[in-house]
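What the coordinates show
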Amino acid sequence: MATKTAAQRREQARIEYDAFLQACPTNQLLARLSDKWVSLVVASLASGPMRYSDLGRRIAGVSPKMLTQTLRSLERDGIVARTVTPSVPVRVDYELTPLGMNLCSLLVAVKDWAELHIEEVIEARERYDAEASQAEAKAQT
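Here's a quick rundown of the structure.

Notes on the overall build of the protein
The number of helices and strands found in the protein is six helices and three strands. The order of helices and strands in the protein, counted from the N terminus, is α-α-α-β-α-α-β-β-α. A compact globule built from 141 residues should have a C-alpha radius of gyration of about 14 Å, whereas the protein, at 21 Å, is more than 25% larger. If one aligns the C-alpha atoms of the protein with their principal axes, the spans along those axes are about 65 × 60 × 25 Å. Expressed as a percentage of the 141 residues in the protein, the buried residues total 22%.

Description of the environment of Tyr52
You can see Tyr52 is positioned in helix H4 (residues 52-58). Note on Tyr52: relative accessible area 27%, which makes it partly exposed. Considered as a pair, Tyr52 and Arg91 are 39 residues apart in the sequence and their alpha carbons are 8.7 Å apart.

So, the pairing of strand E2 (residues 80-85)
On a regular strand, one side chain projects to one face of the sheet and the next to the other, so that they alternate. With six bridges connecting them, E2 and strand E3 (residues 91-96) associate as antiparallel partners. Bridging across to E3, Thr83 finds its partner in Asp93. Joining the antiparallel neighbours E2 and E3 is a turn of five residues.

Remarks on the pattern of salt bridges
According to the stated counting rule, one finds five salt bridges in the structure shown. Among the salt bridges present, the one from Arg57 reaches Asp54, with a minimum N-O distance of 2.5 Å. Residue Arg57 and its partner Asp54 are located together in helix H4, separated by three residues, close to a single helical turn. For the salt bridge of Asp93 with Arg91, the shortest nitrogen-to-oxygen distance reads 2.8 Å. Three or more residues joined by partner-sharing salt bridges are found here, namely Lys111, Asp112 and Glu115.

Quick look at the packing of helix H3 (residues 36-44) against helix H6 (residues 98-140)
Axis separation between H3 and H6 bottoms out at 9 Å; the angle between their running directions is 115°. Relative to H6, H3 is oriented roughly perpendicular. You can see that H3 and H6 cross each other, and the crossing is left-handed. Seen from H3, the contacting residues are Val38, Ser39, Val42 and Ala43; seen from H6, they are Gly100, Cys104, Leu107, Val108 and Lys111. Classifying every residue of the contact of H3 with H6 by side-chain character gives six nonpolar, two polar and one charged.

Description of the sheet that holds E2
Reading across from one edge, E1-E3-E2 is the order of the three strands in this open sheet, with antiparallel pairing throughout. Looking at the sheet topology across the chains shown, the edges are occupied by strand E1 (50-51) and E2.

Digging into the packing of H3 against helix H5 (residues 64-76)
In a pair of packed helices, the angle between the axes and the distance between the axes together describe the arrangement. Interhelical geometry of H3 versus H5 gives an angle of 75° and a closest axis separation of 10 Å. On the basis of their axis angle, the class for H3 and H5 is roughly perpendicular. Every residue of H5 that contacts H3 at Trp37, Val38, Val41 and Val42 is listed here: Met66, Leu67, Thr70, Leu71 and Leu74. Each residue belonging to the contact of H3 with H5 can be placed in one class, and the counts come to eight nonpolar, one polar and no charged.

Rules used in this analysis
- Residues numbered from 1 in each chain as written.
- Predicted model: local features only at pLDDT ≥ 70, side-chain atom pairs only at ≥ 80, totals over all residues.
- Heavy atoms only, no water.
- Helix = DSSP H or I, 4+ residues; strand = E, 2+ residues; numbered from the N terminus.
- Rg over C-alpha atoms; globule rule 2.2 N^0.38 Å.
- Buried < 20%, exposed > 50% of the residue type's maximum accessible area, 1.4 Å probe, protein only.
- Pairing = 2+ DSSP bridges.
- Salt bridge = Lys/Arg side-chain N within 4 Å of Asp/Glu carboxyl O.
- Axes fitted to C-alpha atoms, helices over the stretch in contact; angles between N-to-C directions.
- Parallel < 35°, antiparallel > 145°, perpendicular 65-115°, else oblique.
- Left-handed = near helix turned anticlockwise from the far one by under 90°.
- Contact = heavy atoms within 4.5 Å.
- Nonpolar A, V, L, I, M, F, W, Y, C, P; charged D, E, K, R; others polar.

Purely geometric numbers; function is a separate question.
Structure, rendered in structure tokens:
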């Protein structure tokens, strides 16, 4: 049997990626991308570079620890680039890489969908909860 080069092995692995398998790298990437903080950071950076403090103000409810972890993971994945400008205090800017810009349109579309359809989702939840309460009350009698 002929041995394969590293490039051939990578190409074979790419063909065999299956996000439905827990051990597959694409499964792990989907888990990261489905995080709400990831979506909000990427959507915030869609308009251009931002400083850490500006991101923290833009994204309501994100703790400094969670923002730092999210930015680091996105930088590691090649989605966000971090630029440090020596000054007093040091200035740190974040921006989307070409890979991040490619992802951005998808995540912004999901955010826009959520904003557009939240009323329908709230109504569906209320109907479901009311029906579940009625069924529970009926079961107890």
